Amino acid sequence: MTIAAINEKLLRSIGVGVAILDGDSHEIVFANKPFCDWFGTPDQKTRMSELVDELSPDDLGEGEGEGRVFTGEVELKRKRRTLVIAVSISATRSGDQRLLVVECQNITRIRELESMIDSYSTMVERNTRELEREKERVEKLLLNLMPRSVYEEFKTFGVVTPQLYTQVSVVMLDFVDFTEFATKTDPTVTLAELNDIFTAFDRIVEQYGCERIKTIGDAYLAVSGMPDPAPEHASAVAHCAVRFLRYLERRNESHQHTWRARIGLGTGAAVGSVVGIQKYVYDVFGPAVNLASRLQMMADPMCIVAPEEMKFDLIDEFQINDFGEHQIKGLGEMDLITVEANLRPAHIR
């Protein structure tokens, strides 16, 4: 077997399609099996541009130059499948004859994989965006359940260490005759009213640097001095309480339903922590919370009641009146005061 025969046999056996063209007429003088499988078996007069629509005679060039003359991709319809063939054509010479060597490679699978990768990347990006949005929703939800510093600890360590805060103040509000109102009013109206009022309360609480802990039905609980210390915690909750009542008074003037509330203030120690494993809720409990809850029940409608020990922290900013000595369940005898907005011109807000 001659060297030429061996070379032809090798060309026919490899997976790259190879064809040799006459450099002047562009007629195919040789083509191996992969080339024929893709483009069809040419006869001696077939030109390359007749097999490949995308390839014009001008692409093949003329002249004495050697080297790469064309590089590109062509698509072939084979039954129900589209093949993508990478075509590279180089000019060379054999003696005085100019030849064009056509190298073809089936890159269909590569393009399919690239398309799959692009689709997968698009899907991953979309899922990543959805996960980010879901993460933001979960974070927003958890921040509605607990203070940010507590949330950061929970996110980092997965648990929240119970903390004792020795100097905090608490404001507890409860609406008058709410049960009767709820039984006689459409539930959607009741919910809309509470949502409107509590949203306004949240803004007031945020304005004075307090932290709304929770709502229990018609009850509203907020604190100052936890989780971040606040030297003027007593004044902060008192300002919130006064603003709560002022908001209700103004709202009652323009709304169909009238809302009245009792408010109790408490001061002292409290413990804060996340309670629960599957349904997380940040809660506070301790002497300050118990005191605010007891005094709220003793208050008259649209009145704020506080322990006398808060008097000296509030007397410069509020109007303080004695409420007398009372027996507080679980806490014994205690002197109480009422807190109102200071009506002196210099302190009107």
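An account of the accompanying structure is given in this report. (Residues numbered from 1 in each chain as written. Predicted model: local features only at pLDDT ≥ 70, side-chain atom pairs only at ≥ 80, totals over all residues. Heavy atoms only, no water.)

1. Some points on the packing of aromatic side chains
No. 1: In total, this model carries 11 aromatic pairs according to the counting rule given.
No. 2: Here F198 and Y220 contribute two aromatic rings whose centre-to-centre distance is 5.4 Å and whose plane-to-plane angle is 40°, an arrangement assigned as tilted. Residue F198 is found in helix α8 (residues 187-207), and its partner Y220 is found in strand β8 (residues 219-224); the two are separated by 22 residues along the sequence. Comparing F198 with Y220 shows no difference in burial state: the two are buried.
No. 3: Ring centres of F201 and Y220 lie 5.4 Å apart, and the angle between their planes is 80°; on these two criteria the pair is classed as edge-to-face. Note that F201 is positioned in helix α8 and Y220 in strand β8, a separation of 19 residues in sequence. We note that F201, like Y220, is buried.
No. 4: A connected cluster of aromatic rings, assembled from ring pairs, spans F175, F178, F181, F198, F201, Y220, F244, Y247 and W259. (Phe/Tyr/Trp six-rings, centres within 6.5 Å; stacked < 30°, edge-to-face > 60°. Helix = DSSP H or I, 4+ residues; strand = E, 2+ residues; numbered from the N terminus. Buried < 20%, exposed > 50% of the residue type's maximum accessible area, 1.4 Å probe, protein only.)

2. A few points about the sheet that holds strand β4 (residues 81-94)
Two orientations exist for strands paired in a sheet by backbone hydrogen bonds: parallel and antiparallel.
No. 1: Taken together, the 5 strands give an open sheet; going across it, the order is β2-β1-β5-β4-β3, and neighbouring strands pair in antiparallel fashion. Edge positions in the sheet fall to β2 (28-31) and β3 (67-78), since each of these pairs with one other strand and no more. Averaged over all adjacent pairs, the angle separating strand axes in this sheet is 20°, with direction ignored.
No. 2: The sheet contact formed by strand β1 (residues 17-22) and strand β5 (residues 97-106) spans 6 bridges and is antiparallel. Across the sheet, residue L21 finds its bridge partner in β5, namely L100.
No. 3: Docked against the sheet, helix α5 (residues 108-145) engages β3, β4 and β5, running at close to 130° with respect to β4. (Pairing = 2+ DSSP bridges. Axes fitted to C-alpha atoms, helices over the stretch in contact; angles between N-to-C directions. Contact = heavy atoms within 4.5 Å.)

3. Observations concerning the pattern of salt bridges
No. 1: A complete count under the given rule lists 12 salt bridges for this structure.
No. 2: Here E73 ties to R111 by a salt bridge, and the two come within 2.3 Å at their closest N and O atoms. A residue pair is termed long-range when its members are at least 10 positions apart, and E73 in strand β3 and R111 in helix α5 qualify at 38 residues.
No. 3: Connected via shared salt-bridge partners are E73, R111 and E114. (Salt bridge = Lys/Arg side-chain N within 4 Å of Asp/Glu carboxyl O.)

4. Quick word on the packing of α8 against helix α9 (residues 233-254)
No. 1: Running from amino to carboxyl end, α8 crosses α9 at an angle of 145°, the nearest separation of the two axes being 10 Å. Considering the relative orientation of α8 and α9, their crossing is right-handed. Contacts between α8 and α9 involve E193, D196, I197, A200, F201, I204, V205 and Q207 on the former and, on the latter, C240, R243, F244, Y247, L248 and R251. (Left-handed = near helix turned anticlockwise from the far one by under 90°.)

5. Considerations on helix α6 (residues 148-157)
No. 1: Buried within α6 we find V150, Y151 and F154. Considered in projection along α6, the buried side chains sweep an arc of 100° and stay on one side of the axis. In α6, the exposed positions angled more than 90 degrees off the buried face are occupied by T156 and F157.
No. 2: On its buried side, α6 packs onto α5, β9 (261-275) and β10 (281-285).
No. 3: Just past α6, the residue G158 takes up positive phi, approximately 80°. (Arc of directions from axis to C-beta.)

6. Quick notes on the pairing of strand β12 (residues 318-328)
No. 1: Pairing of β12 with strand β13 (residues 332-341), which is carried by 10 bridges, proceeds in the antiparallel orientation. Across the sheet, Q319 pairs through a bridge with E340, a residue of β13.

7. Comments concerning the packing of α5 against α6
The angle between the axes and the distance between the axes are what describe a pair of packed helices.
No. 1: Following both chains from N to C, one finds α5 and α6 inclined at 125°, their axes separated by 8 Å at the closest point. One finds that α5 runs oblique with respect to α6. Taken as a pair, α5 and α6 cross one another with a handedness that is right-handed. The residues of α6 that touch α5, namely those facing E139, L142 and L143, are R148, Y151 and F154.
No. 2: Classifying every residue of the contact of α5 with α6 by side-chain character gives 4 nonpolar, no polar and 2 charged. (Parallel < 35°, antiparallel > 145°, perpendicular 65-115°, else oblique. Nonpolar A, V, L, I, M, F, W, Y, C, P; charged D, E, K, R; others polar.)

8. Points about the nonpolar core
No. 1: Among the nonpolar cores identified, the biggest contains 36 residues, and F175, F201, F244, I263, L265 and V339 are the most heavily contacted of them.
No. 2: By size, the runner-up hydrophobic cluster in this structure holds 23 residues, among which are M48, V74, L76 and A91. (Core = buried A, V, L, I, M, F, W, Y, C linked by side-chain atoms within 4.5 Å.)

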